[in-house]
Amino acid sequence: MSQPIQSHEECCKISTTLCPCPVCGNMGRRVTPRTLDNHVPSPLRESIGDDATFCTNPDCKVVYCNPKKMVVLRGETKFPVTIKDSGDDVYVCYCFQHKRRDLRRDLKEKGTTDIPDRIRKCVKEGMCDCERKNPQGACCLGNMTNAIKSIQEGR
Ligand SMILES: [Zn+2]
């Protein structure tokens, strides 16, 4: 019997049996070929293969690595990666295309932002596609919270 999906975070949970990042040792988060297909350009896509891990350390330049210690670095993916790039022109939510700039603008103009609530609403309607669209292969709401906090703290 299959379990009903409880929440968005639940539906995006991906198994975490992985290889450590060869540069920083972070255990990262396993990603699927769907994620890699959308974020890694050829011929890097072929070299990294289907068994790859996303390095979740924001200070490390490795985005993806595999057990053969092949790596895809920051700047080599098709889109800038939220946690690896603190620029304003970087998506925090890839499914609904909210950039760090949008969060900053809301916070500056209104002191708050309804973007996370808007995302949650779309998620409830089943409109998200994080596995494919987010380079981490998972829900963006954690990144969203961190990005808002960073902006509020003036970083
Ligand atoms: Zn790393």
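Our structure is the block above this text.
All values derive from a computational prediction rather than experimental measurement.

## Topic: the packing of helix α4 (residues 100-110) against helix α7 (residues 141-152)
Helix-helix packing: each pair is described by the crossing angle between the helix axes and the interaxial distance. Between α4 and α7, the shortest axis-to-axis distance is 10 Å and the interhelical angle comes to 50°. The angle between the axes of α4 and α7 places the two elements in the oblique class. The two elements α4 and α7 meet at a crossing, and its hand is right-handed. Residues R100, L103, R104 and L107 of α4 pack against A147, I148, I151 and Q152 of α7. For the contact of α4 with α7, a count of residues per class yields five nonpolar, one polar and two charged.

## Overview of unusual backbone geometry
Omega for the bond connecting S42 with P43 falls within 30 degrees of zero, at 0°, which places this linkage in the cis form. Among the structural elements, P43 can be located in the loop between α2 (33-39) and α3 (44-48). Of note in this structure, K69 is not a glycine but carries a positive phi near 65°. Within the fold, K69 resides in the loop between β3 (62-65) and β4 (71-73). A positive phi angle, close to 55°, is found at Q97, a residue other than glycine. Structurally, Q97 can be placed in the loop between β5 (91-93) and β6 (98-99).

Quick notes on the rules
- Residues numbered from 1 in each chain as written.
- Predicted model: local features only at pLDDT ≥ 70, side-chain atom pairs only at ≥ 80, totals over all residues.
- Axes fitted to C-alpha atoms, helices over the stretch in contact; angles between N-to-C directions.
- Helix = DSSP H or I, 4+ residues; strand = E, 2+ residues; numbered from the N terminus.
- Parallel < 35°, antiparallel > 145°, perpendicular 65-115°, else oblique.
- Left-handed = near helix turned anticlockwise from the far one by under 90°.
- Contact = placed C-beta atoms within 7 Å.
- Nonpolar A, V, L, I, M, F, W, Y, C, P; charged D, E, K, R; others polar.

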